[in-house]
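Structural characterization, general
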Amino acid sequence: IRDSVPDEDLVFGTVKYQQVGNSWPINAEAFSYAMRSSDMEVNRQTLKGAVTLAGPEKLRDYDCLRIDANVEIPDFVMIDLPPGVEFEQGKAEISVSGLFPADFGLPKLQDTTSVKMEMVLKNNEGKMAGAVLETESSRTGEKTLLPFIE
């Protein structure tokens, strides 16, 4: 499973033409499968996720479309934990945003990901510990990709 992670198009894409402002559901099965590569087991029946075509934007001279996705995971389980650690409960919220060029021959030019996870763990002595993890990452192809495609 870890060797084969579904791509973004399978998880967040749609086969139907969409207008600006339209939303569609994520592919919950592909999303839960992809999460296994992050050692998370996600119940696809309980997760909620939607993708929205936010609208046109420019990045330098490139016409792009901004696509946003939000996923709520009310219950997940961490797998492959160290010996003596048990996972009690977890929930997460994930937001992803990307700028995709109107020229389909070019790759995504920018993406931002925000993750908030809340977990409760128990050790082999029965002691509980809670953790809240919040991360945000942003990548722009402007410095790495754009000089090569101009």
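Residues numbered from 1 in each chain as written. Predicted model: local features only at pLDDT ≥ 70, side-chain atom pairs only at ≥ 80, totals over all residues. Heavy atoms only, no water.

1. Brief notes about the pattern of salt bridges
Our working rule: Should a side-chain nitrogen of Lys or Arg be within 4 Å of a carboxyl oxygen of Asp or Glu, the pair is scored as a salt bridge. Counting from the N terminus, the helices are DSSP H or I runs at least four residues long and the strands are E runs at least two residues long. Summary of the burial criterion: residues with accessible area below 20% of their type's maximum are buried, those above 50% are exposed, and those between are partly exposed, where the area comes from a 1.4 Å probe applied to protein chains only.
Taken as a whole and judged by the stated rule, the model has 9 salt bridges. Between K108 and E8 there is a salt bridge, and its shortest N-O distance comes to 2.5 Å. Of the two residues, K108 sits in the loop between β6 (85–101) and β7 (110–123) while E8 sits in helix α1 (residues 8–12), which places them 100 residues apart along the sequence. Classification of K108 as partly exposed rests on a relative accessible area of 22%. For E8, a relative accessible area of 38% translates into the label partly exposed. What emerges from the salt-bridge pattern is a single network uniting E8, K108 and D111.

2. Digging into the nonpolar core
Stated formally: For this analysis, a nonpolar core means a set of buried residues of the types Ala, Val, Leu, Ile, Met, Phe, Trp, Tyr and Cys, connected via side-chain atoms within 4.5 Å. Here a residue-residue contact requires only that any non-hydrogen atoms of the pair lie within 4.5 Å.
One finds F31, I73 and F76 to be the most contacted residues of the largest nonpolar core, which totals 24 residues. Secondary structure elements with two or more residues in this core: α1, α2 (28–35), β2 (40–42), β3 (48–59), β4 (62–73), β5 (76–78), β6 and β7. Per-element accounting of this core gives the leading share, 4 residues, to β6. Once residues within four sequence positions are removed from consideration, F76 is found in contact with M40, E41, V42, F87, Q89, G90, K91, A92, M117, E118 and M119. Listed in part, the 6 residues of the second largest apolar core include L59, Y62, C64 and L106.

3. Observations concerning the sheet that holds β3
Counted only if it meets this: At least two bridges found by DSSP between two strands are what make those strands a pair. Axis definition: a line fitted to C-alpha atoms, limited for helices to the stretch in contact. Angles are taken between N-to-C directions and run from 0 to 180 degrees.
With antiparallel pairing, 6 strands are arranged side by side in an open sheet as β1-β3-β4-β6-β7-β8. Strands at the two margins of the open sheet, each flanked by one partner only, are β1 (23–25) and β8 (128–140). The mean inter-strand angle of the sheet, taken between neighbouring strand axes irrespective of direction, is 20°. Sheet topology note: the β4/β6 ladder contains 10 bridges and is antiparallel. Looking at β6, one finds that L65 is bridged to F100.

4. Remarks on the pairing of β3
In this structure, β1 lies alongside β3, joined through 3 bridges in antiparallel fashion. Across the sheet, residue S23 finds its bridge partner in β3, namely T52. Hairpin connection of β3 to β4: 2 residues between the antiparallel strands, including R60 at a positive phi of 55°.

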